[in-house]
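# Observations on the model geometry
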Amino acid sequence: MLLGRSNAPRWPRGQKFSLSPAGVTAEESYRAAVAGARGAGRTALDTALAAWASPLAVAPGDGLILEELHAKARGLGDVSGALEDAGIEAAEVRLAMDRLVKAGLVALLPLASQAEKEPAPVRPTRWQY
């Protein structure tokens, strides 16, 4: 950290994130890995999550972010707030989101200010052919 700032990327205020098609598949396989390791102990869970994360080039804990985006597109503050009770800091969420975006599992939604307005239709006049 330099001057109290982390290396976590910054996105514009109001940026929303959603699962990409690959992210939907990854989230489903994350849930399957967690369910498969349920009841087998912490070591089995850690092994299952490492096996899930490795081919995707993400961290084992990044599946939690995917689960938060499962139902609907959310902003970084919403995801950070939801994971705060689990002891996951906002900087960690930003780093995880960066990994997920780079891996193609999470998509950035266009900001409302960036949305293209449809051009007004051109009305033909009498003298146009």
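Described in the following lines is the structure provided in the data block. (Residues numbered from 1 in each chain as written. Predicted model: local features only at pLDDT ≥ 70, side-chain atom pairs only at ≥ 80, totals over all residues. Heavy atoms only, no water.)

Once that is clear, we can look at the sheet that holds strand 3 (residues 106-108). Taken in spatial order, the 3 strands line up as 2-1-3 in an open sheet, and their pairing is antiparallel. Only two strands of the sheet have a single neighbouring strand rather than two, namely strand 2 (74-75) and strand 3. In the packing of helix 5 (residues 90-102) onto the sheet, contacts are made with strand 1 (16-19) and strand 3, and the angle to strand 3 comes to roughly 95°. (Pairing = 2+ DSSP bridges. Helix = DSSP H or I, 4+ residues; strand = E, 2+ residues; numbered from the N terminus. Contact = heavy atoms within 4.5 Å. Axes fitted to C-alpha atoms, helices over the stretch in contact; angles between N-to-C directions.)

Between its first and last C-alpha, helix 1 (residues 21-37) extends 25 Å over 17 residues, near the 24 Å set by a 1.5 Å rise per residue. Those residues of helix 1 hidden inside the fold are in contact with strand 1, helix 2 (42-53) and helix 3 (63-68). (Expected span 1.5 Å × (residues − 1).)

Next up on the list: the packing of helix 1 against helix 2. Direction vectors running N to C along helix 1 and helix 2 enclose 160°, while the axes themselves pass 8 Å from each other. When the interaxial angle is binned, helix 1 and helix 2 end up roughly antiparallel. Judged by the sense of rotation from one axis to the other, the crossing of helix 1 with helix 2 is right-handed. In this structure, helix 1 uses Ala 26, Ser 29, Tyr 30, Ala 33, Val 34 and Ala 37 to contact helix 2, whose residues at the interface are Ala 44, Leu 45, Ala 48, Leu 49 and Trp 52. Of the residues in the contact of helix 1 with helix 2, the class split is 10 nonpolar, 1 polar and no charged. (Parallel < 35°, antiparallel > 145°, perpendicular 65-115°, else oblique. Left-handed = near helix turned anticlockwise from the far one by under 90°. Nonpolar A, V, L, I, M, F, W, Y, C, P; charged D, E, K, R; others polar.)

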